[in-house]
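Here is what each chain is made of, one letter per residue.
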Amino acid sequence: MDKKRVGQIKERFDFITHSHETAKIEFWYARELMPLLGYERWENFDKAVSRAIESCETSGIRASDHFREVTKMVSLGSGSHRSVKDYMLTRYACYLIAQNGDPKKEEIAFAQSYFAVQTRKQELIEERIALIERTEARGRLRESEKRLSQNIYERGVDDAGFGRIRSKGDQALFGGHTTTEMKERLGIKNHRPLADFLPTLTIAANVQNNLSVREMLGQRGIRPEELPPSEDIKKLERRVKSQERALAEQAGKLPDYAADTKNNNEK
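Because the structure is a prediction, the values reported are computed rather than measured.

Draft legend 1. Region of interest: the side chain of Ser 113. Topologically, Ser 113 is positioned in helix α5 (residues 106-116). Leave out the neighbours within four places in its chain, and Ser 113 touches Ile 125, Arg 128, Ile 129 and Ile 132.

Draft legend 2. Quick peek at the packing of helix α3 (residues 42-58) against helix α4 (residues 91-99). Interaxial distance between α3 and α4 falls to 8 Å at its minimum, and their mutual angle equals 110°. As far as their axial angle goes, α4 and α3 are roughly perpendicular. Between α3 and α4 lies a crossing of right-handed hand. Listed contacts from α4 to Phe 45, Val 49, Ala 52, Ser 55 and Cys 56 of α3 are Tyr 92, Leu 96 and Ile 97. For the contact of α3 with α4, a count of residues per class yields seven nonpolar, one polar and no charged.

Draft legend 3. Representation of the packing of helix α1 (residues 3-15) against α5 in the model. At their nearest, the axes of α1 and α5 sit 11 Å apart, and the two run at 70° to each other. What the angle tells us is that α1 and α5 run roughly perpendicular. In terms of crossing hand, the pair formed by α1 and α5 is right-handed. Residues Arg 5, Val 6, Ile 9, Lys 10, Phe 13 and Asp 14 of α1 touch α5, and the partners they reach there are Glu 106, Glu 107, Phe 110, Ala 111, Tyr 114 and Phe 115. Here the contact of α1 with α5 is built from residues that sort into seven nonpolar, no polar and five charged.

Draft legend 4. Just the sheet that holds strand β4 (residues 81-89), in detail. On the basis of which strands lie adjacent, the open sheet formed by four strands has the order β1-β2-β4-β3 and antiparallel pairing. Every interior strand has two partners, whereas the edge strands, β1 (18-20) and β3 (67-75), have only one. Recorded for the sheet is a direction-independent mean angle of 40° between the axes of neighbouring strands. Here two bridges tie strand β2 (residues 25-29) to β4, and the two strands are oriented antiparallel to one another. Across the sheet, the residue bridging to Trp 28 is Leu 89, located in β4. Packed onto the sheet, α3 meets β3 and β4 and runs at close to 35° relative to β4. Against the sheet, α4 engages β2, β3 and β4, with an angle of about 95° to β4.

Draft legend 5. How the structure looks around empty space enclosed by the protein. The final tally for this structure, using the stated rule, is one cavity of 30 Å³ or more. There is about 40 Å³ of room inside the largest cavity. Lining the largest cavity are Phe 174, Met 182, Leu 186, Leu 198, Pro 199, Thr 202, Pro 224, Leu 227 and Pro 228.

Draft legend 6. Focus on the side chain of Asp 65. Assignment of secondary structure puts Asp 65 in the loop between α3 and β3. Separated by 2.7 Å, the side chains of Asp 65 and Arg 62 make a polar contact. Excluding residues within four positions of it along the chain, Asp 65 makes contact with Thr 90, Gly 252, Lys 253 and Leu 254.

Draft legend 7. Here's a closer look at the nonpolar core. The biggest cluster of nonpolar side chains holds 41 residues, and the ones touching the most others in it are Phe 13, Leu 33, Leu 37, Phe 45, Phe 67, Leu 89 and Phe 115. Those elements giving two or more residues to this core turn out to be α1, α2 (30-33), α3, β4, α4, α5, α6 (122-153) and α11 (233-251). Residues contacting Phe 45, with those up to four places away along its chain left out, are Ala 30, Leu 33, Met 34, Leu 37, Tyr 39 and Ile 97. Residues Leu 141, Leu 194, Ile 203 and Val 213 belong to the second largest nonpolar core, which totals 16 residues.

Draft legend 8. Spotlight on the pattern of salt bridges. Applying the stated rule across the entire model yields 11 salt bridges. A salt bridge links Arg 5 to Glu 106, with the nearest nitrogen and oxygen atoms 2.9 Å apart. Taken together, the positions of Arg 5 in helix α1 and Glu 106 in helix α5 put the pair 101 residues apart, joining distant regions of the chain. Residue Arg 5 is classed as partly exposed on the basis of its relative accessible area, which comes to 29%. What makes Glu 106 partly exposed here is its relative accessible area of 32%. Arg 192 is the partner of Asp 196 in a salt bridge, and the nearest nitrogen-oxygen pair spans 3.0 Å. Accessibility classification places Asp 196 together with Arg 192 in one group, the buried group. Bridged by salt links that share partners, the residues Arg 138, Arg 192, Asp 196 and Asp 232 form one connected network.

Draft legend 9. Seen up close, helix α8 (residues 179-186). Three or more residues of α8 are buried, namely Thr 179, Met 182, Lys 183 and Leu 186. One side of α8 holds all its buried residues, which, seen down the axis, span an arc of 105°. Backbone geometry just after α8 places Gly 187 at a positive phi near 70°.

Each value, and the rule that gives it
Residues numbered from 1 in each chain as written. Predicted model: local features only at pLDDT ≥ 70, side-chain atom pairs only at ≥ 80, totals over all residues. Heavy atoms only, no water. Helix = DSSP H or I, 4+ residues; strand = E, 2+ residues; numbered from the N terminus. Contact = heavy atoms within 4.5 Å. Axes fitted to C-alpha atoms, helices over the stretch in contact; angles between N-to-C directions. Parallel < 35°, antiparallel > 145°, perpendicular 65-115°, else oblique. Left-handed = near helix turned anticlockwise from the far one by under 90°. Nonpolar A, V, L, I, M, F, W, Y, C, P; charged D, E, K, R; others polar. Pairing = 2+ DSSP bridges. 1 Å grid on protein atoms, 1.4 Å probe; cavity = no way out; pocket = protein on both sides within 12 Å on 5 of 7 lines; lining within 4 Å. Points joined across faces, edges and corners; volume = space filled by probe spheres on them. Polar contact = N/O pair within 3.5 Å; in protein donor to acceptor, adjacent residues only side chain to side chain. Core = buried A, V, L, I, M, F, W, Y, C linked by side-chain atoms within 4.5 Å. Buried < 20%, exposed > 50% of the residue type's maximum accessible area, 1.4 Å probe, protein only. Salt bridge = Lys/Arg side-chain N within 4 Å of Asp/Glu carboxyl O. Arc of directions from axis to C-beta.

Here it is, written out as structure tokens:
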């Protein structure tokens, strides 16, 4: 996701942020958040909220600190009003809802980063989105290799044979350099997968036809074998998990009483 697009989506999320004067926290309304996460029907979004509440409770965190069911009055076309169900959500609650969404959707990938970053600085959001994209690409590569290994094992090919096939694919992508040679070039220990240290661009290329991808990258002046290694993806994943554990506390808690949000909670 490019910087301009991140900035545009960030403005929409910032616009619906509310603050609670008593609790001194930021919060969001579910019905305002719903369209920004790509949901069109409240019934479907309500289910996503319910899953997030279950996830919160499973983690041993009191859901009522982060999810507060409220009633709102909405205007109808006839000029009359009716009450509808809504939720007040802390940053942690919004993050859990985003975690239950499809990360392939642009809105969900952004929201996972937006609500995970306490300061909401755009550069930090961009950094976390890049991590999500890299992690997703690594996951797709794992699945692709798993399917490939299953297919070739069924044909009597052993682990060594699978390694040679995979190395042939790396040779096609890295201009003739084998997997072992690329590990040496990048300073990667032999027992670690090469893909754990590759940038998102190269990981994604590994999922596709390596030779054709190399030709396409070459047209853009990119030689995969000359790209520097990225940070160990395992370290990045551990850092993200650590941030997630602290997120609930950093987000604060909703007040224990039914707040008058109309008068006290406006942005």
